[in-house]
Each structure stands twice: as C-alpha cells, then as structure tokens.
Amino acid sequence: MTLLSTLLVCGLSACTTVATTYYAPRCFTELVTASGLKADTAHAALPVEGTAGAWVAYGNQEGGKLDIANGRARAINGIGETCERWQEEAKKKAEKKPWWRRVFG
C-alpha cells in the first residue's frame, strides 16, 4: 500500500512539473544565443602613432566599445527579467487549473 501511494504521489508531482515546463519556455539561453549577445566586444585598435591626438582618438573609440558592452549587459538583464516573468505567468496559469486538469490535460 505504501508503495502504491508513493507511486501515485510521484506521478502527480511529475505531471505538475510537466505542465509547468510545458507552459514556461526555456528562454534565457535560447534568446541570448539567438540575439548574438554572447559574442565578445572587441577592443579598439591601439594607435600606431605616438601623438596625443591618436591616443585621444583611441580613448574615444575604447569608450564607444565600452558603451556597446554595457548595452549588451543591459539587454541580457532584460532578457532574464522577461524569462522570469514568463515563468511566473506559466506557474500562475498552471496553479489556476484544478488538479485533474493539470494531470489529464
């Protein structure tokens, strides 16, 4: 009898997990990979000339590259927040259904 009840509980918990997984996409890794945000931001090329103007131009270019990298970090954070929101919405949808609807579809 204990074995039967254990199997029933495990089966029901597995169905609930499947329902939550079904509604919540595995989005973070997929969206970050698809967006190309995993690529490194290349540094600006070092100046060939030793003049002050060349080094100022290098500093400006490097600052622009930093802006690009910071933009990617903000985008990745936005994707993470979106995925968390989708997962919470999926959990709420799954919890609103009666247990027999989650189990039997």
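Residues numbered from 1 in each chain as written. Predicted model: local features only at pLDDT ≥ 70, side-chain atom pairs only at ≥ 80, totals over all residues. Heavy atoms only, no water.

Engineer: What is the right way to look at the overall build of the protein in this model?
Structural biologist: Helix and strand content of the protein: four helices and zero strands. Along the protein, from the amino end to the carboxyl end, the secondary structure elements read α-α-α-α. Split into buried and exposed, the 105 residues of the protein put 13% on the buried side. Long-range pairs, those at least 24 residues apart, make up 65% of the contacts in the protein with a sequence separation of at least 6. (Helix = DSSP H or I, 4+ residues; strand = E, 2+ residues; numbered from the N terminus. Buried < 20%, exposed > 50% of the residue type's maximum accessible area, 1.4 Å probe, protein only. Contact = heavy atoms within 4.5 Å.)

Engineer: Would you mind showing me how to read a nonpolar patch on the surface here?
Structural biologist: On the surface, W99, W100 and F104 cluster together to form a nonpolar patch covering roughly 440 Å² of accessible area. Its location among the elements puts W99 in helix α4 (residues 99-104). (Patch = residues over 30% accessible without salt bridge, like charges linked within 9 Å, V, L, I, M, F, W, Y side chains within 5 Å. Areas by Shrake-Rupley, 256 points an atom, 1.4 Å probe, with all protein chains shown as cover. Salt bridge = Lys/Arg side-chain N within 4 Å of Asp/Glu carboxyl O.)

Engineer: What exactly am I supposed to notice about the packing of aromatic side chains here?
Structural biologist: Enumeration according to the criterion identifies one aromatic pair in this entry. Plain terms: the ring middles of W55 and Y58 are 5.6 Å apart, the flat faces sit at 80 degrees to each other, and that makes the pair edge-to-face. Taken together, the residues W55 and Y58, both in helix α3 (residues 52-96) and three residues apart, mark about one turn of the helix. (Phe/Tyr/Trp six-rings, centres within 6.5 Å; stacked < 30°, edge-to-face > 60°.)

Engineer: Can you help me understand the pattern of salt bridges in this one?
Structural biologist: Two side chains with opposite charge may pair up if their charged atoms get near one another. Counting across every chain of the model gives one salt bridge. For the salt bridge of R85 with E89, the shortest nitrogen-to-oxygen distance reads 3.7 Å. On the criterion of helical spacing, the pair formed by R85 and E89 is a turn pair, its members being four residues apart in helix α3. What makes R85 partly exposed here is its relative accessible area of 45%. Judged by its relative accessible area of 41%, E89 falls in the partly exposed class.

Engineer: Can you help me understand a negative patch on the surface in this one?
Structural biologist: A cluster of like negative charges, contributed by E81, E84, E88 and E95, occupies part of the molecular surface. Position of E81 relative to the elements: it lies in helix α3. (Lys, Arg positive; Asp, Glu negative; His and termini not counted. Charge placed at Lys NZ, Arg CZ, Asp CG, Glu CD.)

Engineer: Looking at this model, I keep getting lost on the packing of helix α2 (residues 28-35) against α3. Mind explaining?
Structural biologist: Two quantities define a packed helix pair, namely the angle between the axes and the distance from one axis to the other. Where α2 contacts α3, the two axes come as close as 9 Å, and the packing angle between them is 145 degrees. For α2 against α3, the interelement crossing comes out right-handed. Contact with α2, carried on its side by F28, L31, V32 and S35, involves I76, I79, G80, C83 and W86 of α3 and no other residues of that element. Split into classes, the residues belonging to the contact of α2 with α3 amount to seven nonpolar, two polar and no charged. (Axes fitted to C-alpha atoms, helices over the stretch in contact; angles between N-to-C directions. Left-handed = near helix turned anticlockwise from the far one by under 90°. Nonpolar A, V, L, I, M, F, W, Y, C, P; charged D, E, K, R; others polar.)

Engineer: What's the story with α3 in this structure? I'm lost.
Structural biologist: Residues separated by three or four positions in an α-helix point in the same direction, a consequence of the helix having 3.6 residues per turn. Here α3 is 45 residues long and its end C-alpha atoms lie 66 Å apart, about the 66 Å a rise of 1.5 Å per residue gives. Listed in full, the buried residues belonging to α3 are A54, Y58, I79, G80, C83, A90 and A94. (Expected span 1.5 Å × (residues − 1).)

Engineer: What should I look at first to understand the confidence of the model for the protein in this one?
Structural biologist: Residue-level pLDDT values for the protein average 76, and 73% of them are 70 or greater. Confidence, expressed as mean pLDDT per element, reaches its minimum in the protein at helix α1 (residues 2-23) with 49 and its maximum at α3 with 88. Note on residues 14-20: pLDDT is under 50 here. Beyond four places in sequence and across chains, it has six contacts. (pLDDT = per-residue confidence, 0-100.)

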